Amino acid sequence: MRKLNLPSYTFKVQTDGGKELIYDFIRKKYVVLTPEEWVRQNFIQYLIHEKNYPASLMAVEKKLMVNHQPQRFDLLIYNRKGQARVIVEFKAPSVKVTQETFDQAVRYNMALKVKYILISNGMQHFACEIDYEKNSYTFLQDIPGF
């Protein structure tokens, strides 16, 4: 897989039926290794090892309802009280992060009300802090730590 703009981590990878799989220790199973999944697995390791987010507070690809429509977020991180704190949207490295990408994360956030929205394609990483009182968001210079 492509080298990303993240530190290097070690992963368990195997082939099954001609498909390459990577072990997702958050979901505790092997999943198909797509470019987007490669970004997700690397970014999760970055959040755990560099930003001190506990793996036990992470949820990957869970369903939620947005405007009565089922949606699936890429990664959600809770605080120690069980409240959603960070939502992360991943794209493949070849996919440019656009306003549409932010709009997608903001739509998910309507149901979740998180403090931070993170977006990464593995090469570029964006972090926004949401201010609900001012109904605005601010781009941050760095990914916030836990």
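Scroll up to find the structure.
To keep things clear, this report deals only with the structure shown in the data block. (Residues numbered from 1 in each chain as written. Predicted model: local features only at pLDDT ≥ 70, side-chain atom pairs only at ≥ 80, totals over all residues. Heavy atoms only, no water.)

A word on unusual backbone geometry
Put simply, the rule reads: By definition, any uninterrupted DSSP run of H or I lasting at least four residues is a helix, any uninterrupted run of E lasting at least two residues is a strand, and each is numbered from the N terminus. For each residue, the accessible area found with a 1.4 Å probe, counting protein chains only, is set against the maximum for its type, and the residue is called buried under 20%, exposed over 50%, and partly exposed in between.
A positive phi angle is found at N52, which is not glycine, with a value near 65 degrees. With respect to the helices and strands, N52 occurs in the loop between α1 (35–49) and β4 (58–60). Its relative accessible area of 56% is what places N52 among the exposed residues. One non-glycine residue, K113, adopts positive backbone phi at about 60 degrees. Residue position: K113 is located in the loop between α2 (99–112) and β9 (116–120).

Quick word on the pattern of salt bridges
Applicable threshold: The term salt bridge refers to a pairing of a side-chain nitrogen on Lys or Arg with a carboxyl oxygen on Asp or Glu at a separation within 4 Å.
Evaluated as defined, the whole model comprises nine salt bridges. Between R40 and E61 there is a salt bridge; the shortest N-O distance is 3.2 Å. Linking R40 in helix α1 with E61 in the loop between β4 and β5 (63–66), this pair joins segments that are 21 residues apart in sequence. You can call R40 buried: its relative accessible area is 2%. Owing to a relative accessible area of 27%, E61 belongs among the partly exposed residues under this scheme. Across the salt bridge formed by K91 and E89, the nearest N and O atoms sit 3.5 Å from each other. Residue K91 is classed as buried on the basis of its relative accessible area of 16%. Given a relative accessible area of 3%, E89 falls into the buried group. Ionic contacts of the salt-bridge type, sharing partners, join the residues D24, R27, E37, R40, E61 and D74 into one network.

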